[in-house]
Every structure is written in C-alpha cells, then in structure tokens.
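# Coordinate analysis (summary)
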Amino acid sequence: MISIIILTLNEEQDLPICLDALGWCDDIHLLDSGSTDNTLAIAESYSLTLHYNAFSSFGQQRNHALDAIATKYDWILFLDADEVVTPAFVTAIKTQTAAADEAVAGFYCCWKMMLNGRWLKHCDNFPKWQFRLLRRGRVRFTDFGHGQKEGEIDGVLEYIKEPYLHFSFSKGWTEWFARHNKYSSQEAKSRLESNAPFKDIFASNTSQRNPALKAWLVKIPGWPFLRFLQAYFLNLGFLEGKHGYTYCVNMAFYEHLIKIKMKEIKYQSITKEKQTLL
C-alpha cells in the first residue's frame, strides 16, 4: 500500500476536493506550515494525521516530512492540495509499486493542467514530470527554482505515465499572479546561479535537461515572446481555444518577469561592488 503526505498553507478551497479522492488510502498525513483559514478545521473532519512545520522551501519541507512523519507504508506519495488523483492514476501507482524491483527508489509522475475544466495538454507541454512517489529512506529532495526535485538517490527512478489532475488556477488569476510574482524572484536567482552545461539541454533525463533549458533559453533575446510562440503555435496550444491563449500569454509574461528580475539582481550586485570599492 501507499502512504500520502500533503503540504498545506491556507488551502480551505482546494483541500476538500483533494481529500475526497483519497478514500482508498488509510494513511494520510497533512503537513501544515501555519494556515490561518479553515484548512485545519477541514482536515480534522477527515481521517488523517496533522503535523506542523514552518515553511522554508519545498525541498526542505518534503525532507522534513520524510524525517519527522512515521508513515504506515514504505511507499510515499506527495501531493499538493490543488492536485486530485484519478481512479486510473491510483490503479497505476498501486500496480507499479507492487511490481517494483528493489532497485527502484521512486517514480516520476505527471499531471493534467486544468483551467476552467479544460485540459491544457498542448500549452503545458504534457507530460511534465514531477518526482512525487518514493520508497522511504531511498531519496532526498533538493530545492530547484521555486520548487524542488530529487536530490540524493539510492537506486533508480521510473515513470508513472497515467496522469493526475492539477488545478493550479482554482483560486483565480489574482492569486496566480501573486504566487508567480514570488516564484519569478526565486526562478531569477536560480537561473543566474545555474552552472548547467549546454550539453545537458540534450540529456534524456528531465531533471538534468530542464535546469539546463531554463538557464540557457532565458539568455535568448526575446525569449518571453518565443516562449509564447513555442507553446501557442509549435505545440498547438491554439487548439485549446481561449483557455490556451490566456495560459500561453500569462506564461510568457511570467518568463518576462523572470528576465526583469535577473537584470535587477545583476544591477544590484554591480552597484554593491561599486559601493564596496568606494
């Protein structure tokens, strides 16, 4: 069987839908980082175990969960409150974990990005792989941009090809903009500090390829507009109608924010160096 850990902070809107899809699991843990809305009251109405840890970063929070939470099972699935598992996804993870060789330390999973009931398959470059399902004691997380990825691995990683659902826009565009304004600052810093070699762009492993793509593509003049063209035209995002157009425009704007903040960080660094020399 599989244990589940959900990270939360003020998730009263999304949490019930996430939890309602987990009736098949008898070991659910919620790791909260200081919710001030009804998140905890909602959680207490379900059969799960509550935990608390102040949030520092996604990588740190997931590692804390692995260290501090005594799960019932060795296989652990990490979810966010705006993610919903489907029956097909549940069948896939049960089947593949039961059949996994001892060498398998975990699985990459992928999502269906949903916007107003529409799956943005083309706009969101499906499949996007997230490391979410692991065998206890075999993997650690590390921070990557505004999120996290696998760090130390004892074994091999495989893939769950059946997707779950991701409702990133469930709280509306105002919240999405606020969240991505913060994310863009973290991404700018991460991309400036990246030392990924150019050859990693062609790596088969997504965790090796994606950091390199982010670090190198952002250097191309006009990259935010090219990001729009890639998603909307080359990836056939226009087939997803007005939802696809809205998503592609705002993802290009997100890349624009990252470029602005990268320049700002560079400028602040140069200014600081000049002041030190005076």
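What you are looking at is a predicted structure, and each value in this text was computed from that prediction instead of being measured.

## Some words on the nonpolar core
Judged by nonpolar contacts, the single largest core of 51 residues is most densely connected at Leu22, Trp24, Leu77 and Leu133. The element that contributes the greatest number of residues to this core is helix 8 (residues 241-277), accounting for seven residues. Each of domain 1 (3-166) and domain 2 (173-277) accounts for three or more of the residues forming this core. Leu7, Leu66, Ile76 and Val139 belong to the second-largest nonpolar core, a separate cluster that totals 17 residues.

## Brief notes about the domain arrangement of the protein chain
Split by domain assignment, the protein chain resolves into domain 1 (3-166) and domain 2 (173-277). One C-alpha centre belongs to domain 1, the other to domain 2, and the line joining them spans 25 Å. At the junction of the two partners, domain 1 supplies 20 residues and domain 2 supplies 25 residues. Of the roughly 1,900 Å² buried between domain 1 and domain 2, counting both surfaces, carbon and sulfur atoms make up 53%. Across the contact surface, domain 1 and domain 2 share zero salt bridges. For the interface between domain 1 and domain 2, the tally reads ten residue pairs in polar contact (both at pLDDT 80 or more). Those elements that place two or more of their residues in the side of domain 1 that touches domain 2 are strand 6 (104-115), strand 7 (118-119) and strand 10 (147-153). Considering every element that reaches the side of domain 1 that touches domain 2, the biggest residue donor is strand 6, with three residues.

## Here's the deal with the pattern of salt bridges
Under the defined criterion, the tally for this structure stands at 17 salt bridges. Taking the shortest distance from any N to any O, the salt bridge between Asp14 and Lys171 comes out at 2.8 Å. Highlighted residues: Asp14 in the loop between strand 1 (2-8) and helix 1 (15-20) and Lys171 in the loop between strand 12 (164-166) and helix 5 (173-193), separated in sequence by 157 residues. You can call Asp14 buried: its relative accessible area is 5%. Relative accessible area serves as the criterion here: at 30%, Lys171 is assigned to the partly exposed category. The salt bridge partner of Asp67 is Arg140, with a shortest N-O separation of 2.8 Å. One end of the pair, Asp67, is in helix 3 (residues 58-68); the other, Arg140, is in strand 9 (residues 139-144), with 73 residues separating them in the sequence. Taking relative accessible area as the criterion, Asp67 reaches 56% and is therefore assigned exposed. Overlapping salt bridges bring together Arg62, Asp80, Glu83 and Arg132 as one network.

## A short note on the environment of Lys263
Mapped onto the elements, Lys263 comes out in helix 8. For the pair Lys263 and Lys161, spaced 102 residues apart in sequence, the C-alpha to C-alpha distance is 38 Å.

## Considering the pairing of strand 6
Where a strand is regular, its side chains alternate between the two sheet faces. By the criterion of burial, strand 6 is predominantly enclosed, with eleven of the twelve residues buried. Of the pairings in the sheet, the one linking strand 6 to strand 8 (residues 129-135) comprises five bridges and is antiparallel in character. Across the sheet, Tyr108 pairs through a bridge with Phe131, a residue of strand 8. Pairing geometry for strand 6 and strand 12, over three bridges, is parallel. From the neighbouring strand, Lys112 faces strand 12, where its bridge partner is Leu165. With two bridges connecting them, strand 6 and strand 7 associate as antiparallel partners. The residue of strand 7 that forms the bridge with Met114 is Trp119.

Definitions and limits used
- Residues numbered from 1 in each chain as written.
- Predicted model: local features only at pLDDT ≥ 70, side-chain atom pairs only at ≥ 80, totals over all residues.
- Heavy atoms only, no water.
- Core = buried A, V, L, I, M, F, W, Y, C linked by side-chain atoms within 4.5 Å.
- Buried < 20%, exposed > 50% of the residue type's maximum accessible area, 1.4 Å probe, protein only.
- Helix = DSSP H or I, 4+ residues; strand = E, 2+ residues; numbered from the N terminus.
- Domains from an automatic or database assignment.
- Contact = heavy atoms within 4.5 Å.
- Buried area = accessible area lost by both parts, 1.4 Å probe.
- Salt bridge = Lys/Arg side-chain N within 4 Å of Asp/Glu carboxyl O.
- Polar contact = N/O pair within 3.5 Å; in protein donor to acceptor, adjacent residues only side chain to side chain.
- Pairing = 2+ DSSP bridges.

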